[in-house]
Amino acid sequence: MNKLILPLTLLLLLATAPLRSEEPPLNTKSYTPSPFSHGILSTHDGRIMDFLEMNLGLSFMYSHKPLVLEFTDATGTTTRNILEHKFEADLSFAIGLWKYIDLAMNIPFNLYHGGEGLYQAKMHAAGVGDISFYPRGGYTFEKEKVSLAFIPEVTIPTGRQVDRLMGYATATFVPTFAVSAVLGDFGIATNLFYRLMDKRELADLVAGDEVGLKLAGRYTPIQPLDVEAEINFRTVATKFFSASNAFFIDANLGVQYRFPQVPGLMLHGGTGWGMTQGYGLPVVRVFTGLVYNIPEKVKKTK
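No experiment lies behind these values; they were computed from the predicted model shown.

Reading guide: rules and limits
Numbering of residues begins from 1 in every chain and follows the order in which that chain's sequence is written. Local features are withheld for residues below a pLDDT of 70 in this predicted model, meaning they are given only at 70 or higher, and side-chain atom pairs are given and counted only at 80 or more; totals for whole chains, interfaces and linings count all residues. Neither water nor hydrogens contribute to the side-chain values; these are computed over all heavy atoms in the structure. Helix and strand definitions follow DSSP, with helices as H or I runs of at least four residues and strands as E runs of at least two, each counted in order from the N terminus. Whether a residue is buried, partly exposed or exposed follows from its accessible area with a 1.4 Å probe, protein chains only, as a fraction of its type maximum: under 20%, in between, or over 50%, in that order. Any two residues having at least one pair of non-hydrogen atoms within 4.5 Å are treated as being in contact. Per-residue and other accessible areas were derived by the Shrake-Rupley procedure at a 1.4 Å probe size, with only the shown protein chains allowed to occlude residues. DSSP bridges decide pairing: two strands pair if at least two such bridges lie between them. Each Phe, Tyr or Trp ring, with Trp reduced to its six-membered ring, pairs with another whose centre is within 6.5 Å; inter-plane angles below 30 degrees give stacked pairs, above 60 give edge-to-face pairs, and intermediate values give tilted ones. Any Lys NZ or Arg CZ that is within 6 Å of a ring centre and within 35 degrees of that ring's normal is treated as a charge sitting over the ring. Only four residue types enter the charge count: Lys and Arg as positive, Asp and Glu as negative, with His and the chain ends excluded. Salt bridge, as used here, is a side-chain nitrogen of Lys or Arg placed within 4 Å of a carboxyl oxygen of Asp or Glu.

Student: Looking at this structure, how should I read the overall build of the chain?
Tutor: Helix and strand counts for the chain come out as one helix and 15 strands. Out of the 302 residues in the chain, the part that is buried amounts to 46%. By sequence separation, contacts in the chain at least 24 residues apart represent 60% of the contacts at least 6 residues apart. Surface summary for the chain: the accessible area is close to 15,600 Å², and the carbon and sulfur share equals 67%.

Here it is in structure tokens:
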């Protein structure tokens, strides 16, 4: 039995250590719906969910050309469509734990991706991406209808075990500040975040720590329909707006329909597009999904 301990320990260290090669792991997922009950598209709001309120979500997305890079060698520069098509799904869960705290998680599934691929590493079409956890603490000013929250998001590098383009090389930490407000039929939210991650280089791309800002809004023209929009900005901190493939701007438009016959059930869908050449940003994306909200149980009055 003791003879097995050393080999098993070495295997465990190899599995959890960052991958080192000419083609490092790179996360090509650029859109994840907010798992919280009042989020707007991918932007988190600041309002904490009620105690034991739960939110279950299942979303599907297609992206066209999310990863195009330039490779330079002695013969010149070659543009390569590493990923041309990407189909993915997100399974999310959120729950209110206390008046000022809730918790969410998201499990991404890569259903298929294809393209010219990397030069050396073999592509695997399907698998689980990086699992994310979102502990959130916040406070709502009821009179002003303004909410503030802090979300120390953590991602676990499960995707790299399947494919180099399904996740980050190591775990990442994303401290995020969220502010949201309700103004009649309008809702607005903004997120300011900084992603701490391991530096990686691939072709003409240098990926590392990122700083970003999200701005989102929601309008309810008629019940039970919401129209939503957001614009996202981020850049690699060490290349602050100086490299075209490390500067990201993308926009998303969507609608959300709440079924009157089934309280808590919502259908959402929309489209988005990359406005810069940042890696992971597609030429176009389309998404749809279902969300089911289980509200806090109403206490029986005597």
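Student: Just checking my understanding: could you explain the pairing of strand β6 (residues 146–156) for this structure?
Tutor: Within a regular strand, side chains alternate between the sheet's two faces. Here β6 shows a buried face lined by Ser147, Ala149, Ile151, Glu153 and Thr155 and an unburied face lined by Val146, Leu148, Phe150, Pro152, Val154 and Ile156. Here β6 runs beside strand β7 (residues 172–183); their pairing, made up of 10 bridges, is antiparallel. Within β7, the position partnered with Thr155 by the bridge is Thr172.

Student: Quick question: what am I supposed to make of the packing of aromatic side chains here?
Tutor: Each aromatic ring pair is described using two quantities: the centre-to-centre distance and the angle formed by the ring planes. Scanning all chains against the criterion turns up 10 aromatic pairs. A ring pair is formed by Tyr31 and Phe287, whose centres lie 4.8 Å apart and whose planes are at 20°; its orientation type is stacked. Taken together, the residues Tyr31 in the loop between α1 (2–16) and β1 (54–73) and Phe287 in strand β15 (residues 284–294) connect sequence positions 256 residues apart. For the residue pair Tyr31 and Phe287, the accessibility class agrees, reading buried in each case. Through a chain of ring-to-ring contacts, three or more aromatic side chains come together here, namely Trp98, Tyr100, Tyr139 and Phe141. Over the ring of Phe36 we find Arg136, and its NZ or CZ is 3.7 Å from the ring centre.

Student: Honestly, the environment of Val284 in this entry has me stumped. Any pointers?
Tutor: Considering the arrangement of structural elements, one finds Val284 in strand β15. Placed 221 residues apart in sequence, Val284 and Ser63 show a C-alpha to C-alpha distance of 6.0 Å. The residues touching Val284, leaving out its near neighbours within four places in the chain, are Tyr62, Ser63, His64, Thr271, Gly272 and Trp273.

Student: Just checking my understanding: could you explain the side chain of Glu153 for this structure?
Tutor: Locating Glu153 in the fold gives a position in strand β6. It is Arg195 that comes nearest to the buried, bridge-free Glu153 among opposite-charge side chains, at 4.1 Å. The contact partners of Glu153, leaving out residues within four places of it in the chain, are Ser132, Phe133, Tyr134, Thr172, Phe173, Val174 and Arg195.

Shape descriptors only; they carry no functional weight alone.
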